[in-house]
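# Observations on chain architecture
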Amino acid sequence: MKLNRQHVESTALVLGFLAVALASSWTSLGMQIDKDAYDWMLRLYEPPPWKTETMLLAIDEQSLQTSGGVRGLRTAFAEGLTFLAKTSPRVVALDATVADTTDPEPDAALGSALRQIPRLVLACELLPDGSEFEDPLTRFQQWGAAIGHVHADADAVNRAIPLEKATGKKRRWALALEAFRLSRNAQIVESLNDLEVAGIVIPARRADSRRMWIRYLPPNMPAVPRISLKQLRDNPARAGEFRDKAVFLGVTAQTATRDRLMTPYSGLPMAGVEIHAQAYETIAQGRFLTPAPGWMELAFCLLLTIASWAAFTFLTGARAYLSAAGVLASAHAVPYFLFRNGTVFPYAPALTSSWLTLVASAAYQHFIVRRRMVRAELDRGRYQQAMHFVTHEMRTPLTAIQGSSELMGRYALTEEKRKQMAQMINSESKRLGRMIEIFLNVERLSAGEIELKQESFSARELVAICVERTLPLAERKQISVAVENIPDETLTGDRELMEYALYNLLTNAVKYSGAHTRVTVRGHRDGDRLRLSVEDQGIGMDEKETRKIFQKFYRTSGAEQSGETGTGIGLSIVEEIVTRHRGAIEVASRPGEGSCFTLVLPAHSAAPQDATLTNS
Ligand code: ADP
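Residues numbered from 1 in each chain as written. Predicted model: local features only at pLDDT ≥ 70, side-chain atom pairs only at ≥ 80, totals over all residues. Heavy atoms only, no water.

### As for the packing of aromatic side chains
Across all of its chains, the model carries nine aromatic pairs by this definition. Put simply, the rings of Tyr38, Trp213 and Phe339 pair up and form one aromatic cluster. Sitting above the plane of the Phe133 ring, Arg172 keeps its charged end 5.4 Å from the centroid. Cation over ring: Arg469 sits above Tyr503, and NZ or CZ is 5.1 Å from the ring centre. (Phe/Tyr/Trp six-rings, centres within 6.5 Å; stacked < 30°, edge-to-face > 60°. Lys NZ or Arg CZ within 6 Å of the ring centre and 35° of its normal.)

### Describing the side chain of Arg181
Within the secondary structure, Arg181 sits in helix α7 (residues 175–184). Discounting chain neighbours no more than four positions away, the residues touching Arg181 are Ala145, Ala146, Ala186, Gln187, Ile188 and Val197. (Helix = DSSP H or I, 4+ residues; strand = E, 2+ residues; numbered from the N terminus. Contact = heavy atoms within 4.5 Å.)

### Quick word on the pattern of salt bridges
One side chain can pair with another of opposite charge once the charged atoms of both are near each other. By the definition in use, this model includes 36 salt bridges. In this structure, Glu190 engages Arg171 in a salt bridge whose closest nitrogen and oxygen atoms are separated by 2.7 Å. Remark: Arg171 occurs in strand β8 (residues 171–173) and Glu190 occurs in strand β9 (residues 188–190); sequence separation between them is 19 residues. The class of Glu190 is partly exposed, set by a relative accessible area of 30%. Here Glu274 and Arg226 are joined by a salt bridge, their closest N and O atoms 2.6 Å apart. (Salt bridge = Lys/Arg side-chain N within 4 Å of Asp/Glu carboxyl O. Buried < 20%, exposed > 50% of the residue type's maximum accessible area, 1.4 Å probe, protein only.)

### Describing the packing of helix α10 (residues 294–314) against helix α11 (residues 317–340)
Where α10 meets α11, the closest approach of the two axes is 8 Å, and the angle between their N-to-C directions is 165°. When the interaxial angle is binned, α10 and α11 end up roughly antiparallel. Pair α10 / α11 crosses with left-handed handedness. When α10 is examined against α11, the residues Met296, Phe300, Leu304, Ala307, Ser308, Ala311 and Phe312 are found in contact with a partner set consisting of Ala320, Tyr321, Ser323, Ala324, Val327, Ser330, Ala331, Val334, Pro335 and Leu338. Its residues placed into classes, the contact of α10 with α11 shows 14 nonpolar, three polar and no charged. (Axes fitted to C-alpha atoms, helices over the stretch in contact; angles between N-to-C directions. Parallel < 35°, antiparallel > 145°, perpendicular 65-115°, else oblique. Left-handed = near helix turned anticlockwise from the far one by under 90°. Nonpolar A, V, L, I, M, F, W, Y, C, P; charged D, E, K, R; others polar.)

### Quick look at the domain arrangement of the protein
In terms of domains, the protein is made up of domain 1 (5–42 + 292–372), domain 2 (48–286) and domain 3 (454–616). Using only C-alpha atoms to locate each centre, domain 1 and domain 2 end up separated by 43 Å. With seven residues of domain 1 at the contact, the number on the domain 2 side is nine residues. In total, domain 1 and domain 2 occlude about 740 Å² of area from one another, counting both sides; carbon and sulfur atoms represent 56% of this. Inspection of the region where domain 1 meets domain 2 yields one salt bridge. The partner of Asp39 in a salt bridge is Arg159, with the nearest N and O atoms 2.7 Å apart. Along the contact surface separating domain 1 from domain 2 lie two residue pairs in polar contact (both at pLDDT 80 or more). Looking at side-chain class alone, the side of domain 1 that touches domain 2 contains four nonpolar, one polar and two charged residues. (Domains from an automatic or database assignment. Buried area = accessible area lost by both parts, 1.4 Å probe. Polar contact = N/O pair within 3.5 Å; in protein donor to acceptor, adjacent residues only side chain to side chain.)

### As for helix α5 (residues 104–115)
Spanning twelve residues, α5 covers 16 Å between terminal C-alpha atoms, matching the ideal 16 Å at 1.5 Å per step. Along α5, the residues that are buried comprise Pro106, Asp107, Leu110, Gly111, Ala113 and Leu114. Buried residues of α5, seen end-on, are gathered within an arc of 170° and therefore sit on one face of the element. Away from the buried face of α5 by more than 90 degrees, exposed residues Pro104, Glu105 and Arg115 are located. Where α5 is buried, its residues touch α4 (73–85), β2 (91–94), β3 (120–126) and α6 (138–141). (Expected span 1.5 Å × (residues − 1). Arc of directions from axis to C-beta.)

### Side note on the state of the cysteines
For the structure on display, the rule yields zero disulfides. Note on Cys596: no disulfide assigned, nearest cysteine sulfur contributed by Cys466 at a separation of 16 Å. (Disulfide = S-S within 2.5 Å.)

### A few points about the layout of surface pockets
The computed volume of the second largest pocket comes to approximately 1,000 Å³. Considering the residues around the second largest pocket, the lining is formed by 28 residues, among which Asp208, Arg211, Trp213, Pro291 and Pro346 are closest to the centre. Counting only elements with at least two residues in the lining of the second largest pocket, the list comes to α2 (28–44), β12 (211–213), β17 (290–291) and α10. Ranked by residue count, the leading element in the lining of the second largest pocket is α2, at six residues. Considered class by class, the residues forming the lining of the second largest pocket number 16 nonpolar, four polar and eight charged. Counting contributing residues, the lining of the second largest pocket receives three or more from each of domain 1 (5–42 + 292–372) and domain 2 (48–286). (1 Å grid on protein atoms, 1.4 Å probe; cavity = no way out; pocket = protein on both sides within 12 Å on 5 of 7 lines; lining within 4 Å. Points joined across faces, edges and corners; volume = space filled by probe spheres on them.)

### Overview of the site of the ligand
The full set close to the ligand counts 21 residues, and Tyr512, Arg555, Thr556, Thr567 and Leu571 are the nearest of them. Between Tyr512 and the ligand, the recorded distance is 2.7 Å, taken from a side-chain N or O atom to an oxygen atom. A distance of 2.8 Å is found between a nitrogen atom of the ligand and a side-chain nitrogen or oxygen belonging to Asp536. A total of 530 Å² of accessible area belongs to the ligand in isolation, and the protein chains cover 98% of it. For the shell around the ligand, the secondary-structure elements that each account for two or more residues are α15 (495–511), α18 (570–580) and β25 (594–605). Residue classes in the shell around the ligand are distributed as ten nonpolar, eight polar and three charged. (Near = heavy atom within 4 Å. Areas by Shrake-Rupley, 256 points an atom, 1.4 Å probe, with all protein chains shown as cover.)

### Side note on unusual backbone geometry
The phi angle of most residues is negative, glycine excepted, and most peptide bonds adopt the trans form. One non-glycine residue, Arg210, adopts positive backbone phi at about 55°. Here Arg210 lies in the loop between β11 (200–203) and β12. Within the chain, Asn485 stands out as a residue other than glycine whose phi angle is a positive 30°. Within the secondary structure, Asn485 sits in the loop between β20 (480–484) and β21 (489–493).

### Comments concerning the nonpolar core
The tendency in soluble globular proteins is for nonpolar side chains to be buried side by side. If you look at the biggest cluster of nonpolar residues, it comprises 56 residues, and the most contacted ones within it are Val121, Leu163, Leu177, Ile202, Phe248, Tyr280 and Phe339. Take this core: its biggest share by element is seven residues, from helix α9 (residues 272–285). Mapped onto the domain boundaries, this core takes at least three residues apiece from domain 1 (5–42 + 292–372) and domain 2 (48–286). Excluding anything up to four places from it in sequence, Leu177 contacts Leu163, Ile188, Leu195, Val197, Ile202 and Ile283. (Core = buried A, V, L, I, M, F, W, Y, C linked by side-chain atoms within 4.5 Å.)

### Some points on the environment of Gly540
Position of Gly540 among the secondary structure elements: in the loop between β23 (529–535) and α16 (543–548). Spatially, the C-alpha atom of Gly540 lies 5.1 Å from that of Arg590, the residues being 50 residues apart in sequence. Contact partners of Gly540, with chain neighbours within four places excluded, come to Ser589, Arg590, Pro591, Gly592, Gly594 and Ser595.

### Let's talk about the sheet that holds strand β10 (residues 194–197)
As summarised here, the arrangement of the three strands in space is β9-β10-β11, forming an open sheet in which the pairing is antiparallel. Looking at strand neighbours, the two that pair on one side only are β9 and β11, the edges of this open sheet. Strand after strand, the sheet turns through a mean of 25° between neighbouring axes, direction not considered. Looking at chain direction, β9 and β10 are connected through three bridges and run antiparallel. Bridge pairing in β10 places Glu190 opposite Leu195. Against the sheet, α7 makes contact with β9, β10 and β11, and its axis sits at roughly 35° relative to β10, the strand it touches most. (Pairing = 2+ DSSP bridges.)

As structure tokens, then:
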């Protein structure tokens, strides 16, 4: 299909919208849309259930109360660990930073309890200023096989955790990752884009702090199994359930900790210790979600934008709207299908690129293209009218010529009569010739086919010739034509066309003025330009009309009602002529008061010189 102006314009629009769409991901609204869409997709897609490896040993409200409140926490941990020591869990992660010394007794109890756990991960936290890790006391550290950080993504809803945290000197893996590593007795092998532990490759880029999305246990599965300390105390046999499990020991009591975060699933905040367990599950199951690569995002948005644009550019009516619906459906569905396969596609750019382009293309088609079509139709109508007029106009001289020549051939006429008729035939055929010439010129001039002649001529002479030609017309309406101060300037260009232009303004001034009025031609130099104006006291026109009179075939209603014949072509040719001469035409008019048309032309003073105008 051949590309036209409309296609080029809309392509520019489309590219603009693509840029906006891609940028939308970086706006706060775009980010929020991406996050909400992520939560929505996570909830919508339920992965097949799996067997959980983790268990929680929870210090809940009741356990805390019976352990003497927050102050008794270390004793509670010691008690829990002692239960665990007897059942040989696969690994134990203590989700509490035991960084400072409290009372000697509970500290000693905790120390000896920790000692009994062979695969133990202790928790550390990065200080808020990021300068240092707050590590467990050395006396506790010695019993831990590893230390993992307990940070989550700083967001109201927790979707991911950074697997790595580092100060300038030290680096720590996440508690869940360390627990998993110990559970497998393996090493963490790093590369730029992922981590590998016991054959499981975790897609987590170093550049993003090894951020890992947590695949929370879906609602079709029971939550991470948990036993509270209180329950263990009441029924110590239950400790057996921890055998071979990855146990996360921590506080779930709301009164003791603010360590709770919302998740995409839960209506209630989830305790930090459970979030660590869920992260462990994600790693153990290898059910990772990875961000879509940049090229995929760009390609999909480009595809959506092009499809949206094409829908309204190449199709119309119901078919355009159906295709638009198809584009929208894929903009919504594709990210979800990618999600099902573990790829997280940002929703905002897909949404923006499709909606924005669709709405814009539809609006563009509706307002601009349709308007252009209407205008073209009007032009065609006016053109037909004009052609009608032209043929009609031509018929008059033709009839005169035919009639006279017939009379001359058929009858013996007096010498005087014969001479009169021959003169009429001559002048009518000249008139016909001029009309044909003008109409041919219109087309050729606007098609840029006419070569401008390069002549130098006097502005005064130009005015004098045109005024002289206008006088008979003016006299018929008893209109006086005055010429004031035309400076002695030299104009360069096509004299004949320039005469046509000025003559046109003069005849219009006479045509559209009442009897006994005055037409004035003035001139003055304005910098390197000559301003030639033709002012009348005629019917004038309003501002809206002045903007339209240079359109081909346009005539004001006043002109139509005046009874003066016209085609509405003259001024469009005048404008074409002056712009081809690097000049301009201006008009000032008021309804009922008159009009003033001014030609602004490049000029130079003194005697005529060599032509300098080059064809444009
Ligand atoms: P035409 O005179 O053949 O209709 P033109 O292109 O010369 O075509 O002019 C276009 C229209 O501009 C005219 O039909 C008329 O409505 C308006 N116009 C031009 N000159 C004047 C004028 N001096 N006073 C009032 N209206 C004018």
